[in-house]
Amino acid sequence: MIKLNIREQFALLSEEWAPKVIAKPNGQSIRILKGSGELGWHQHENDEKVIIVFKGQLTLKLKSSHDIILNEGDMYVMPKGVDHCPVAQPDTHFMMIEPT
């Protein structure tokens, strides 16, 4: 593994909502992505997912509860099996950590 600069890695992303794996420690995938607008409803049945916002704002709409609003520097662990719909302000940058 080499040293990576997260800002430089975000600058290399050209597509929105297209995660890029930047590392795979201990059976986990560390993915970065950019997003704008709504991704759509989905869930991850078997795994929790860590979400960390680096730039912008990401709202996680939840059917079962209130919305979670993540600003720069915020982190949230999405429980497995929870229906959610990510909605990002324009050019939001975030990281996800989840089992590979």
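By convention here, each chain's residues receive numbers from 1 onward along its written sequence. It should be noted that, the model being predicted, local features are given only for residues of pLDDT at least 70 and side-chain atom pairs only at 80 or more, the latter also being counted only at that level, while totals for whole chains, interfaces and linings use all residues. Only hydrogens and water are set aside; all other atoms, that is, all heavy atoms of the structure, feed into the side-chain values.

Undergrad: Provide a residue-level description of the nonpolar core, including the pertinent values.
TA: Core analysis: the largest hydrophobic core is formed by 14 residues, its most contacted members being W17, I51, L58, L60, L70, M78 and F94. The numbering of helices and of strands both runs from the N terminus, where a helix is a DSSP run of H or I of at least 4 residues and a strand a run of E of at least 2. Counting residues per element, the ones that place at least two in this core are β3 (49-55), β4 (57-62), β5 (68-71) and β7 (84-99). As used in this record, nonpolar core signifies buried Ala, Val, Leu, Ile, Met, Phe, Trp, Tyr and Cys residues forming a set joined through side-chain atoms within 4.5 Å. Buried means the residue's accessible area, taken with a 1.4 Å probe over protein chains only, is under 20% of the maximum for its type, while exposed means over 50%, and partly exposed covers the values in between. In this structure, F10, A23, I30 and I32 belong to the second largest nonpolar core, which totals 7 residues.

Undergrad: I'd like a rundown of the pairing of β5, residues and numbers included.
TA: Alternating positions in β5 separate cleanly, I68 and L70 being buried on one face and I69 and N71 remaining unburied on the opposite face. Note on pairing: DSSP must find at least two bridges between two strands before they are called paired. Bridging between β4 and β5 involves 4 bridges; their strand directions are antiparallel. Residue pairing in the sheet places Q57 in a bridge with N71 of β5. Counted along the chain from β4 to the antiparallel partner β5, the turn is 5 residues long.

Undergrad: Describe the side chain of E98, with residues and values.
TA: Looking at where E98 falls in the secondary structure, it is placed in strand β7. By relative accessible area, which is 13% here, E98 ends up buried. Polar contacts involving the side chain of E98 include one to the side chain of R31, which spans 2.8 Å. Polar contact is the term for a pair of N or O atoms within 3.5 Å; when the atoms are in protein, one must be able to donate a hydrogen and the other to accept it, and sequence-neighboring residues count only if both atoms are side-chain atoms. Separated by 3.3 Å, the side chains of E98 and K49 make a polar contact.

Undergrad: Break down the pattern of salt bridges for me, with residues and values.
TA: Just to be clear on terms, a salt bridge is a Lys or Arg side-chain nitrogen sitting within 4 Å of an Asp or Glu carboxyl oxygen. Taken as a whole and assessed by the stated rule, the structure comprises 4 salt bridges. Across the salt bridge formed by E38 and K61, the nearest N and O atoms sit 3.2 Å from each other. Of this pair, E38 sits in strand β2 (residues 28-38) while K61 sits in strand β4; the two residues are 23 residues apart in sequence, bridging distant segments of the chain. Take E38: its relative accessible area is 48%, and that puts it in the partly exposed class. Among the salt bridges present, the one from D91 reaches K55, with a minimum N-O distance of 2.6 Å. Placement of the pair is D91 in strand β7 and K55 in strand β3, with a sequence separation of 36 residues. In this structure K55 comes out as partly exposed when scored by relative accessible area, which is 34%. Via salt bridges that share partners, R31, K49 and E98 belong to a single interconnected network.

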